Amino acid sequence: MGRYILRRLVFAIPTLLGISVVIFAVLALAPGDPLAQFAADPSVPPEVRDQIRENLGLNDPWYIRYFKWLAALVRGDWGYSFTSRVPVLNLIVERLPRTLQVVGVAYLVSILIAIPIGIISAVRPYSLFDNLATTFAFIGFSVPTFFTGPLLIVIFSVRLNWLPFIYDTTLRVTDWETFTRQVRQMIMPVTVLALFQTGSLTRFVRAAMMENLPSDYARTARAKGLGERMVILRHVFRNSMIPVVTLLALGVPTIFTGAIVTEQIFRINGIGELLIKSIQTSDTPVVMAITFIFAVLVVMFNLIADVLYGILDPRIRYD
């Protein structure tokens, strides 16, 4: 197992380098000027703009800038934002807790809802519960978040006036009252994200369970006198989790990179909102940092999923 993990980590290095080259080249060759704000400001003389451009290295060819970025990254330097002049790492660390509060909680809620629903739907196929769960799942992953977000705002904020529709990122939880306010402002964005994620995850769990329920090992367990609940939870569910683990593992990196559309709708000052603003202003260091962190997390959680396969199914060998 140790040699397998080490081999995968070694193979991940050229993969990440290739991803970083592609992302950097696309950003460098895309239209847009990081210093466009200075060009529109008549108080900034052209020679000052040229000096800033020279200091930031924007006059160098893109591949030279890439190697400079890579060398700085190896030293742990993520660079400075062209727009805010703040270290990129500080920007990400500042916004990450808000993203984790909303996207992370939504992901956890979707898992806690989807797995029981998927199991019950598979155990009682085509029953009333299964039909309702299937309808709920189809609504969940077929209705986009840019529709459900404004819909909830209109119903619960505008019409009923129950929940705030703008997320207060300055709120600090210090007592019960602020905790209640924090929960109230999280309800709608978490619901929007959880509804979307629960839909697809429920269908995955149901399909995997239905494939394993009539298996020979399940029939053998029943023939030995094991109760149906134990057969499902101890044997069928464990084997059914193998394909579901892939979906869960690949969903974790999206928690750290934020929900771009949902954060925009509810004005959440998170990573997704930062990424959109950075793309609009051609803030290459910030975009590179967020996308590269996402690539690293995808590679890492792919490896974790592969390791979990061996834990769930001892027949899988890594030699």
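Fair warning: this is a prediction, and the values are worked out from it, not measured in the lab.

### Observations regarding the nonpolar core
One finds Leu-201, Val-205, Met-209, Val-244 and Leu-248 to be the most contacted residues of the largest nonpolar core, which totals 44 residues. Secondary structure elements with two or more residues in this core: helix 5 (88–123), helix 7 (145–159), helix 8 (176–212), helix 9 (216–223), helix 10 (228–257) and helix 13 (284–312). It is helix 10 that contributes the most residues to this core, 11 residues altogether. For Val-205, the contacting residues outside a window of four places in its chain are Ala-114, Ile-115, Gly-118, Ile-119 and Val-244. Counting 20 residues, the second-largest nonpolar core is a separate cluster that includes Leu-70, Trp-78, Val-88 and Ile-271.

### Some remarks on the packing of aromatic side chains
Scanning the model with the defined rule gives 9 aromatic pairs in all. Aromatic pair Trp-69 and Phe-292: ring centres 5.7 Å apart, planes at 90 degrees, arrangement edge-to-face. Here the residue Trp-69 occupies a position in helix 4 (residues 62–74), and Phe-292 occupies one in helix 13, the gap between them amounting to 223 residues. Neither Trp-69 nor Phe-292 differs from the other in exposure class; each is buried. Note on Phe-156 and Trp-162: the rings are 6.1 Å apart at their centroids and 40 degrees apart in plane angle, and the pair reads as tilted. Linked through ring pairs, Phe-24, Tyr-66, Phe-67, Trp-69, Trp-78 and Phe-292 together constitute an aromatic cluster. Sitting over the ring of Tyr-126, Arg-206 keeps its end group 5.7 Å from the ring centre.

### Thoughts on the pattern of salt bridges
On inspection of all chains with the given rule, the structure shows 7 salt bridges. For Asp-130, the salt bridge is made with Arg-206, and the minimal N-O distance between the two is 2.9 Å. Here Arg-206 lies in helix 8 and Asp-130 lies in helix 6 (residues 128–142), a separation of 76 residues in the sequence. You can call Arg-206 buried: its relative accessible area is 10%. With a closest N to O distance of 3.0 Å, Glu-273 and Lys-277 form a salt bridge. Taken together, the residues span about one helical turn, with Glu-273 and Lys-277 both in helix 12 (residues 271–280) at a distance of 4 residues. Classification of Glu-273 as buried rests on a relative accessible area of 11%.

### Digging into unusual backbone geometry
Positive phi, close to 60 degrees, is recorded for Asn-161, a residue that is not glycine. By the element assignment, Asn-161 lies in the loop between helix 7 and helix 8. Given a relative accessible area of 60%, Asn-161 falls into the exposed group. Notably, Ser-282 is not glycine yet its phi reads approximately 55 degrees, a positive angle. Looking at where Ser-282 falls in the secondary structure, it is placed in the loop between helix 12 and helix 13.

Parameters and conventions
- Residues numbered from 1 in each chain as written.
- Predicted model: local features only at pLDDT ≥ 70, side-chain atom pairs only at ≥ 80, totals over all residues.
- Heavy atoms only, no water.
- Core = buried A, V, L, I, M, F, W, Y, C linked by side-chain atoms within 4.5 Å.
- Buried < 20%, exposed > 50% of the residue type's maximum accessible area, 1.4 Å probe, protein only.
- Helix = DSSP H or I, 4+ residues; strand = E, 2+ residues; numbered from the N terminus.
- Contact = heavy atoms within 4.5 Å.
- Phe/Tyr/Trp six-rings, centres within 6.5 Å; stacked < 30°, edge-to-face > 60°.
- Lys NZ or Arg CZ within 6 Å of the ring centre and 35° of its normal.
- Salt bridge = Lys/Arg side-chain N within 4 Å of Asp/Glu carboxyl O.

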